[in-house]
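Observations on the model geometry
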Amino acid sequence: MDQYERYYQDVQARLKPARAKALELLRARDIGAAEKAIEDVEDSIYGSVALRQVFTEFLNELKAQGALDQDPGFAAEVFMHAERHAWRSYPEPHTEYEADSYRRGYDQDRAELVRILGRDPGKKG
């Protein structure tokens, strides 16, 4: 195993309990504390990826519970945080190819969030 693989495994091991804590905090509707739970452990792109995944997982939970329509404002807020962390999950591009690739990845992440929510809270009308 090379140095990067060891580093990556260490980051993921540290993030595992933070992800669980963040999910519990989201269930308690404390978005700020959920973000802090992960950012305090890992404030790099890996933390952003973890936050995108946790917010997406929570949005799926809300959908499974039929709770998206019960509080559409809260669901939209969760969506917006997931979207923000999706964008932050991609590094700064250094080439046009990277920029295009990262944009496609982000667009796919966002499309998944819209699919889960059943609407695009960023679109008017």
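This text follows the structure it describes.
A brief look at the structure comes next. As the structure is a prediction and not an experimental result, all values here were calculated from the model.

**Focus on the packing of helix α4 (residues 72-88) against helix α5 (residues 96-117)**
- Remark: α4 packs on α5, axes separated minimally by 10 Å, with the N-to-C direction vectors making an angle of 165 degrees. Taken together, α4 and α5 sit at an angle that is classed as roughly antiparallel. Like other packed secondary-structure pairs, α4 and α5 cross with a definite hand, here right-handed. Contacts between α4 and α5 pair Ala-75, Phe-79, Ala-82, Glu-83, Ala-86 and Trp-87 from the former with Arg-103, Tyr-106, Asp-109, Arg-110, Leu-113, Val-114 and Leu-117 from the latter.
- A breakdown of the residues in the contact of α4 with α5 according to their chemical character gives nine nonpolar, no polar and four charged.

**Some points on a nonpolar patch on the surface**
- On the surface, Tyr-4, Tyr-7 and Tyr-8 cluster together into a nonpolar patch covering about 310 Å² of accessible area.
- Tracing the backbone through its elements, the reader meets Tyr-8 in helix α1 (residues 3-27).
- Taking the relative accessible area as the measure of exposure, Tyr-8 reaches 35% and is therefore partly exposed.

**Some points on unusual backbone geometry**
- The phi angle at Arg-29 is positive, at roughly 65 degrees, despite the residue not being glycine.
- Within the secondary structure layout, Arg-29 lies in the loop between α1 and α2 (31-39).

**Focus: the packing of aromatic side chains**
- Applying the stated criterion across every chain yields a total of six aromatic pairs.
- Judged by centre distance (5.6 Å) and plane angle (65 degrees), the ring pair of Tyr-8 and Tyr-46 falls under edge-to-face. A residue pair is termed long-range when its members are at least 10 positions apart, and Tyr-8 in helix α1 and Tyr-46 in helix α3 (residues 45-64) qualify at 38 residues.
- We classify Tyr-46 as buried; its relative accessible area is 18%.
- Through pairs of rings, three or more aromatic residues link up here, namely Tyr-4, Tyr-7, Tyr-8 and Tyr-46.

**Remarks on the side chain of Arg-110**
- Take Arg-110: it is sitting in helix α5.
- Setting aside its immediate chain neighbours within four residues, Arg-110 contacts Phe-79, Glu-83, Asp-120 and Gly-122.

Reading the values: the criteria
- Residues numbered from 1 in each chain as written.
- Predicted model: local features only at pLDDT ≥ 70, side-chain atom pairs only at ≥ 80, totals over all residues.
- Heavy atoms only, no water.
- Axes fitted to C-alpha atoms, helices over the stretch in contact; angles between N-to-C directions.
- Helix = DSSP H or I, 4+ residues; strand = E, 2+ residues; numbered from the N terminus.
- Parallel < 35°, antiparallel > 145°, perpendicular 65-115°, else oblique.
- Left-handed = near helix turned anticlockwise from the far one by under 90°.
- Contact = heavy atoms within 4.5 Å.
- Nonpolar A, V, L, I, M, F, W, Y, C, P; charged D, E, K, R; others polar.
- Patch = residues over 30% accessible without salt bridge, like charges linked within 9 Å, V, L, I, M, F, W, Y side chains within 5 Å.
- Areas by Shrake-Rupley, 256 points an atom, 1.4 Å probe, with all protein chains shown as cover.
- Salt bridge = Lys/Arg side-chain N within 4 Å of Asp/Glu carboxyl O.
- Buried < 20%, exposed > 50% of the residue type's maximum accessible area, 1.4 Å probe, protein only.
- Phe/Tyr/Trp six-rings, centres within 6.5 Å; stacked < 30°, edge-to-face > 60°.

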